[in-house]
Amino acid sequence: MADTFSLSLKELAKRNKGLASGHRACAGCPFPAVVRMTLSASDFPVVVANATGCMEVTTSIFPYAAWPVPWIHSAFENAAATISGVEAAYKALVRKGEIPEQKKIKFIAFGGDGGTYDIGLQALSGAAERGHNFLYILYDNEGYMNTGIQRSSSTPYGASTTTSPAGKVVPGKMQHKKPIVDIMAAHGIPYVAQASVSHWNDYVKKVRKALSIEGPTFIAVYSPCVPGWGYPENKSIEMAKLAVETGFWPLYEVEYGFYKINYRPRNPLPIEEFLKSQTRFAHLLKKPEVVEGIREFIKERWDFLEFMATRKESRGLEENV
Amino acid sequence: MTEKERTKMALTGNEAFAYAMKQINPDVVAAYPITPATEIVQIFAKYVSDGEVDTEFVAVESEHSAMSACIGASASGARVITGTSSQGLALMHEMLYIASALRLPIVLAEVNRALSAPINIHCDHSDTMGSRDAGWIQIYCENANEGYHTLIQAVRIAETVNLPVMATLDGFIISHEMEVVESLDTQEVREFIGKRKPLYSVLDVEKPIMVGPLDLTDYYFEHKRQQIEAMKKSKAVIKEVIEEYNTKFGFDFPVFIETYRMEDAEYAILAMSSAAGTMKEAVDIRRSIGEKVGLVRLKVFRPFPFELLTEVFKNVKAIGVMDRSDSVNSMGGPVFNEVRSSLYELETRPRIMNFVFGLGGRDFPMEDALHIIDRVKELKDGKKLDFVEYVGVRE
């Protein structure tokens with residue numbers, strides 16, 4: 001298979017463009033790796049807008065600056081609207097001859113799940129509908145981790161957070177994750193994908209594919225949280241991998257409405273492997289019916305994806321061999 | 001002063017704002033419809049569609065996103081204008097503070113309308129008064145003509161002092177009433193405002209900067225202090241820009257306040273925006289029967305020209321301050337409280353009371369204007385009156 005958008009690990013390591021050391025992300029937090037892969041993946045200069053959240057607060061504490069690219073943060077719910085303005089300014093300034101036309105710049109917004117699934121959904125939907133030329137990257141750690149681990153609409157069913165605590169009566173959060181990638185795909189935008197920090201090659205490829213497109217694109221990248229999920233600092237990538245291998249976080253992409261599953265675990269691991277390694281699910285050992293609910297959710301998600309993937313035509317961002 | 005024959009156009013307030021925007025030809029306009037400011041966006045969208053401006057028009061999905069996009073664009077070095085009203089300004093509220101603290105010279109054409117609830121589409125000042133501490137320069141215009149010229153001046157003011165500016169017109173009363181606007185030629189406008197020369201831009205990929213970082217106990221206060229200082233210094237800039245405009249184009253727009261028949265006034269009224277027009281007539285009527293009453297129109301509310309107010313009111317015996325909104329604090333409206341505070345340093349302080357009027361677009365007829373003057377006369381003559389009087393309301 002021709003691999004138009006792949007980048008070798010060697011080339012990626014050579015580019016090595018990421019956050020400066022000294023940023024204040026928690027030990028073991030994987031989003032610095034997400035940023036490094038994203039910035040290194042781009043063949044073009046980029047401008048970044050960041051929603052309020054862990055990524056923003058840990059990388060921008062004045063007077064220190066961890067970003068090697070122009071970066072703007074204004075508020076929590078509006079990274080997509082802010083980048084819309086930056087992109088509109090670029091267009092206007094190119095049109096007026098203030099910026100040379102051949103000077104291509106790519107626009108990337110980063111938001112966590114709170115800033116994307118919840119408070120920022122309207123701004124994101126609006127920016128996608130308007131068709132701005134930008135890539136929105138959701139780093140999904142399944143909760144409001146920056147404010148101290150509250151539930152978001154991305155928090156999985158059964159997970160204990162400080163606002164969905166597992167108690168004597170209620171066993172954690174009682175709603176499933178919102179299908180954000182499908183919601184974005186339903187906007188009819190050119191490219192939407194789900195990726196995981198554990199699968200670097202897949203992620204880098206998706207970023208490069210998204211950046212090759214003129215128009216709005218969206219990638220949800222799974223980014224585990226050490227304190228929020230409750231696992232040892234050296235296990236972030238393993239957690240992300242487990243989510244993929246248990247089928248909880250499928251890797252897929254949607255090109256102009258056409259779904260493609262990028263990875264099917266040959267022998268999916270039981271979901272318990274994922275759950276038992278995190279304290280947020282510890283109470284579920286005594287709640288098999290909740291675990292059953294998660295299993296059903298996974299099955300429904302895969303049924304949906306497999307069904308969607310049966311539509312085989314592709315507008316062909318990549319040569320199909 | 002040049003003695004140039006100015007083009008006279010019959011425009012509504014909204015049309016005047018939109019026409020100024022066309023001549024300014026901003027790089028980016030991000031806006032959302034809201035009564036009674038909708039027309040500004042609507043007319044401007046037509047200019048875009050007809051290729052009469054080079055602007056990138058972003059028809060956002062909310063006012064919150066409008067101001068967010070304006071912030072992104074302004075931080076990219078673009079010249080940015082938006083327009084809104086009432087709930088729209090309230091929805092922008094969070095972003096207004098961010099625009100000003102990031103020192104972005106965004107210009108906002110505001111049409112004053114009452115805030116909900118109860119929902120109401122008509123004029124009062126509760127919207128912009130609710131944003132009075134958001135760090136924006138606020139200029140309240142009396143009529144469409146002043147609105148048109150103020151919007152042009154606002155671009156220069158904002159970009160000189162690196163603070164955002166809102167110019168306001170009274171909803172419906174001015175926004176939808178047709179008046180004569182003496183316009184500049186587009187060339188004159190463009191020359192006066194020049195090109196924006198941003199200090200920094202997030203589009204400068206060779207010199208990356210971070211805009212809007214986290215600022216904790218060790219720096220936040222210093223940055224706020226600088227912002228406060230910028231607002232203080234904007235007074236000199238506002239004066240300079242409006243005076244230069246007057247000289248260059250042959251106008252005599254007041255800078256911060258307009259005084260009307262104040263020379264020998266024994267008592268005075270302070271009003272803002274369109275109500276000042278009515279009040280000028282009322283002053284004439286009472287002057288015609290020998291009353292020594294004058295009017296001060298407060299035009300710039302932020303920065304607050306307290307020095308000028310102290311000076312202009314130092315010889316009067318009584319003042320009636322008119323507020324088209326109430327602070328719901330049991331002591332009247334915001335204009336009243338700030339004017340009253342400005343007079344504290346006077347050795348002989350005048351008596352002062354507040355008239356809250358016109359909420360939710362309640363009409364402000366001549367008899368109410370005359371009533372206010374007569375009340376202040378009673379105040380001057382030593383009568384004990386309520387601290388705050390609500391005019392034109394059934395109670």
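The next thing to look at is the overall build of chain B. Counting its regular elements, chain B contains 12 helices and 16 strands. For chain B, the C-alpha radius of gyration of 21 Å lies close to 21 Å, the compact-globule estimate for 395 residues. Split into buried and exposed, the 395 residues of chain B put 59% on the buried side. Of all intrachain contacts in chain B linking residues separated by at least 6 positions in sequence, the fraction that spans at least 24 positions is 80%. Just so you have it, chain B exposes about 15,800 Å², and 52% of that area is on carbon and sulfur atoms. Positive and negative side-chain charges of chain B, numbering 43 and 59 respectively, have mean locations separated by a distance of 4 Å.

Moving on, we get to the sheet that holds strand 6 (residues 137-140) of chain B. Residue and element names in this part refer to chain B. The strand order 3-2-4-5-7-6-13 describes an open sheet built from seven strands, whose pairing is mixed. A strand with exactly one partner marks an edge of an open sheet, and here the two such strands are strand 3 (56-59) and strand 13 (300-302). Geometrically, the sheet is characterised by an average inter-axis angle of 20° between neighbouring strands, direction not taken into account. Bridge count between strand 2 (residues 28-31) and strand 3: four bridges; the pairing is parallel. By the bridge assignment, alanine 30 is partnered in strand 3 with valine 58. Lying on the sheet, helix 6 (residues 144-161) is in contact with strand 4 (80-85), strand 5 (107-112), strand 6 and strand 7 (165-170); it crosses strand 7 at an angle near 170°.

On to unusual backbone geometry. Cis rather than trans, the peptide bond between Phe62(A) and Pro63(A) has omega equal to 5°. With omega at -5°, the peptide bond leading from Arg302(B) into Pro303(B) counts as cis. Looking at the secondary structure, you find Pro303(B) in the loop between strand 13 and helix 10 (306-312). At Asn16(A), a residue that is not glycine, the phi angle is positive and equals roughly 40°. Examined against the element boundaries, Asn16(A) turns out to sit in the loop between helix 1 (9-15) and helix 2 (31-41). With a relative accessible area of 43%, Asn16(A) lands in the partly exposed category. Of note, the phi angle at Tyr256(A) is positive, near 45°, even though the residue is not glycine. When you line up the elements, Tyr256(A) lands in the loop between strand 7 (251-255) and strand 8 (258-263).

Calculation notes
- Residues numbered from 1 in each chain as written.
- Chains lettered and ligands numbered in written order.
- Predicted model: local features only at pLDDT ≥ 70, side-chain atom pairs only at ≥ 80, totals over all residues.
- Heavy atoms only, no water.
- Helix = DSSP H or I, 4+ residues; strand = E, 2+ residues; numbered from the N terminus.
- Rg over C-alpha atoms; globule rule 2.2 N^0.38 Å.
- Buried < 20%, exposed > 50% of the residue type's maximum accessible area, 1.4 Å probe, protein only.
- Contact = heavy atoms within 4.5 Å.
- Areas by Shrake-Rupley, 256 points an atom, 1.4 Å probe, with all protein chains shown as cover.
- Lys, Arg positive; Asp, Glu negative; His and termini not counted.
- Charge placed at Lys NZ, Arg CZ, Asp CG, Glu CD.
- Pairing = 2+ DSSP bridges.
- Axes fitted to C-alpha atoms, helices over the stretch in contact; angles between N-to-C directions.

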